[in-house]
Amino acid sequence: MSRWKIDRRKLVATLAGVAMTLVLCASSLVLAQEPQNEFKPMTEVPIETLPAMPLLYIAYAFVWVALLGYVFMLWQRVGRVERELAEVNEKLRSARR
Amino acid sequence: MRVLRAAWLIARKDLVVEARSRELAYTTLFFAVSCVLVFAFAFVREGRAIEDAAAGILWVTLAFSGTLALGRAFERERQADTLRALLLAPTERAAVYLGKLLGLLVLMLAVEAIIVPIVGLLFAAPIGRAPLLLGALVVTGTIGFAAVGTMFAAMLVRAHSRDVLLPMLLYPIAVPVIIAGVRGTAAIFAQEPNLEAAQAWLSMLVFFDAVFVTLALWTFGPVMSE
Amino acid sequence: MRLANRVVPFLLLAAAAMFVRAPFMIEAAPIESTMGVIQKIFYFHVPSAAASFLGAFVCGIASAIYLWRRSRTADHLAVSGAELAVVFGLIVLVTGPLWARKAWGVWWQWDVRLTMTLVMWMIFVAYLLLRRFGGPGSEVLSAAVGVFGMALVPFIYVSVNYWRTIHPNTNVVRSLPPEMSEPFRWAMIAFMLLFAALLIVRTRLEAGRAALEEAYVSLED
């Protein structure tokens, strides 16, 4: 069982290492080149402000979801740790008797 | 100063060991050349390199071969368990760090002395345009990379998954070095060279080196004393 | 820690109240002349970035204290700081491109400020990964990473003022007109209150986990 645990750890750590390597490659190589210019067709001009709204909503929705999700996750973990701590302390007390 | 003398003794030990087998030197050099080759296939279009690819290829090659050298150098220490012996020796921890750093620097600079002309040759990059400035960029960049790398490689000697953790920790922190190195080198190699920009990037590299070598000297002792 | 028990609910309630009011204030704020309505992402984007930087500093300072004093509370604080830096940093890295897509036309720009924000985020992700996968003794190792990560932060801040970048300069905040600075300050305070509450809670969680591990060890005896 413990053998599988180490393999999974190595896999995740390897993937993280690969990801970091790719970011390093990209940032150094792409930085050496000039950024591209965007081509804006004429038809976009009169409705310029409208496409912004979905992006705005997505951005704020993400912030809310991320913050609430993190708070909820913390709450769960705190509850779990407190429960386990109570259990283990109970076992310790009964073992000492 | 006693610390510097101790550091020199440690570095000399590493260099003598390396000079006998030349294992690290040959493998790192060959790896660096292979890197350049692989990147060449990625960034050469219709027989000519994409503009500014030379600078990027040079620095990524330095980073990758540097990481390899770091890993191997400390693996050698780990196998013989000599790192613990070094730390138990009656020298300051800073001396151990400086000694390992010096040894690695000599190795990496030797490899770079060969790689830079190769890159110049293969990608028609004008390495002779501002040789002192280019040399200064390469040297300060290598010092910055090796300073952080030596620190982390020593730290990770006894950790799990150390082969993968070293690049994972080292690359993000070494990114300012890579950015400054690539931008500075690209400024020199560009069709219209901008030597003032290259000098500005050089000064940032010097600042980075000063900050991070100092930081490494401060933290090496507390981290290694477990 | 008992003080923390009383402070946390207050902080959370205050933050929640401010967060509920914030969208209305942001709605009422004027539309910026050059960027249009998309600029309103700024009200949550910048405070998130501030919270992320704050988390990075907390992690860095706590890591330094842990390295030299081996204080367990400092270690717990460092983990919390790193985790908050990652969470708020993720918000910055998602809202930023959403803003950029409209304002600059591209999702991402490899200019120095953006690149280094991403890099700083990755350093603290690496911190958390090291804690998880580094094996025993990784508290000390990750403390070193935390200290180095914090040392990198000034490089990020200086870069936006020294090198040309299309990212809005930090002077923008100082020159805000009152209709914009009011919701901005409101949002900033809301984020800081939330940050403080989360930091305390997360640190307590870490302390609880350490106590649990010790309890398990003594159970085996």
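Because the structure is predicted, anything quoted here is derived from the model rather than measured.

Caption draft 1: Main features of the overall build of chain A. A tally of regular secondary structure across chain A gives two helices and zero strands. A total of 97 residues make up chain A; the buried ones form 18% of that total.

Caption draft 2: Local environment of the interface of chain C and chain A. If you look at the interface, chain C gives 36 residues, while chain A gives 37 residues. Going through the elements one at a time, helix 3 (72–103), helix 4 (112–133) and helix 7 (178–220) of chain C are the ones with two or more residues in the side of chain C that touches chain A. The greatest single-element share of the side of chain C that touches chain A, amounting to 13 residues, is contributed by helix 7 of chain C. A class-by-class count of the residues in the side of chain C that touches chain A yields 24 nonpolar, seven polar and five charged.

Caption draft 3: Up close: the environment of Ala80 of chain B. All names here are of chain B. You can see Ala80 is positioned in helix 3 (residues 53–80). Take Ala80: there are 10 C-beta atoms within 10 Å of it, and that puts it in the exposed class. Linking Ala80 and Ile173, residues 93 residues apart in sequence, is a C-alpha distance of 29 Å.

Caption draft 4: The environment of Leu105 of chain B, seen in detail. Residue and element names in this part refer to chain B. Turning to its location among the elements, Leu105 is positioned in helix 5 (residues 93–122). In this structure the C-alpha to C-alpha distance between Leu105 and Glu51, which are 54 residues apart in sequence, comes to 30 Å. In contact with Leu105, other than residues within four places in its own chain, are Thr142, Ile143 and Ala146.

Caption draft 5: The arrangement of the packing of helix 3 of chain B against helix 5 of chain B in detail. Residues and elements named next belong to chain B. Relative orientation of the contacting elements helix 3 and helix 5 amounts to 150°, with a least axis distance of 10 Å. With respect to helix 5, the axis of helix 3 lies roughly antiparallel. At the point where helix 3 passes helix 5, the crossing takes the right-handed sense. On helix 5, the residues that touch Ala54, Ile57, Leu58, Thr61, Leu62, Ser65, Gly66, Ala69, Leu70 and Ala73 of helix 3 are Leu104, Leu107, Met108, Val111, Glu112, Ile115, Val116 and Val119. Looking at the contact of helix 3 with helix 5, its residues break down into 14 nonpolar, three polar and one charged.

Caption draft 6: Spotlight on unusual backbone geometry. Here the phi dihedral of Ala124 of chain B falls at roughly 50°; this positive angle occurs in a residue that is not glycine. With respect to the element layout, Ala124 of chain B can be found in the loop between helix 5 and helix 6 (131–155). Positive phi, normally seen in glycine, also occurs at Arg70 of chain C, with a value near 55°. Along the polypeptide, Arg70 of chain C turns up in the loop between helix 2 (42–69) and helix 3.

Caption draft 7: Representation of the confidence of the model for chain A within the structure. Summing up the model confidence of chain A, the mean pLDDT is 70 and the portion of residues at 70 or higher is 57%. Note on residues 38–47 of chain A: pLDDT is under 50 here. Beyond four places in sequence and across chains, it has two contacts.

Rules and cut-offs
- Residues numbered from 1 in each chain as written.
- Chains lettered and ligands numbered in written order.
- Predicted model: local features only at pLDDT ≥ 70, side-chain atom pairs only at ≥ 80, totals over all residues.
- Helix = DSSP H or I, 4+ residues; strand = E, 2+ residues; numbered from the N terminus.
- Buried ≥ 20, exposed ≤ 12 C-beta atoms within 10 Å, placed from the backbone.
- Contact = placed C-beta atoms within 7 Å.
- Nonpolar A, V, L, I, M, F, W, Y, C, P; charged D, E, K, R; others polar.
- Axes fitted to C-alpha atoms, helices over the stretch in contact; angles between N-to-C directions.
- Parallel < 35°, antiparallel > 145°, perpendicular 65-115°, else oblique.
- Left-handed = near helix turned anticlockwise from the far one by under 90°.
- pLDDT = per-residue confidence, 0-100.

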